[in-house]
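Listed here are the chains, written in short residue letters.
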Amino acid sequence: MPNSKKHDSGASEGARRATEDASESSVGPGGGRWSCKRKVSVVLELLRGADLESTSRKHRVTMATLTDWRDRFLAAGEVSLKSREVDVEDEEKRRLKSAVATVSVDNELLREKISRLEAGRPFPWGKSKP
């Protein structure tokens, strides 16, 4: 039984170290929460080719956390680029819809004018041009 006690104490010590590491991983070197600027600088460091494991140790952040930050950073950038493309497409759609609306109104007025001419009815005062 003494071996099992030794094993348990080692396990609890390992768990304690893991807990300490986890609590340190959520804070920066100076303590406290990570600001957006600090996260971006670490993510950019990774994107420039820094090793994930060494960056994790350097900043005392788990590799999973760094990977999550990097993935969210890249996803947000992709969404931003897509929204710009959508804005350009939406502007073109608005312009074309406006042109179609103008042509539709002109067509309707011309149809009305044709029907009045064919019926021999006079145009309303002020609407017809001499």
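Values in this document were obtained by computation on a predicted structure and should not be read as measured data.

Would you mind showing me how to read the confidence of the model for the protein here?
In this model, the protein carries an average pLDDT of 77, and 65% of its residues clear a pLDDT of 70 or more. The weakest mean pLDDT in the protein belongs to helix α1 (residues 2-25) at 47; the strongest belongs to helix α3 (residues 52-59) at 94. Low pLDDT, under 50, characterises residues 14-29; the predicted model gives this stretch 15 contacts beyond four residues in sequence or across chains.

Even after reading the chapter, I still don't get unusual backbone geometry, so can you show me in this structure?
Positive phi, close to 55°, is recorded for R60, a residue that is not glycine. Mapped onto the elements of the fold, R60 is located in the loop between α3 and α4 (63-119).

Which parts of the structure should I look at to understand the pattern of salt bridges?
Where charged atoms of side chains with opposite charge meet at close range, the side chains can pair. Going through the model one piece at a time under the given rule, you end up with 7 salt bridges. Salt-bridge contacts for E112 lead to R116; the nearest nitrogen and oxygen are separated by 3.4 Å. With E112 and R116 both in helix α4, this residue pair falls 4 residues apart, about one helical turn. Take E112: its relative accessible area is 34%, and that puts it in the partly exposed class.

Quick question: what am I supposed to make of the environment of R72 here?
In this structure, R72 sits in helix α4. With relative accessibility at 47%, the residue R72 sits in the partly exposed group.

About the thresholds
- Residues numbered from 1 in each chain as written.
- Predicted model: local features only at pLDDT ≥ 70, side-chain atom pairs only at ≥ 80, totals over all residues.
- Heavy atoms only, no water.
- pLDDT = per-residue confidence, 0-100.
- Helix = DSSP H or I, 4+ residues; strand = E, 2+ residues; numbered from the N terminus.
- Contact = heavy atoms within 4.5 Å.
- Salt bridge = Lys/Arg side-chain N within 4 Å of Asp/Glu carboxyl O.
- Buried < 20%, exposed > 50% of the residue type's maximum accessible area, 1.4 Å probe, protein only.

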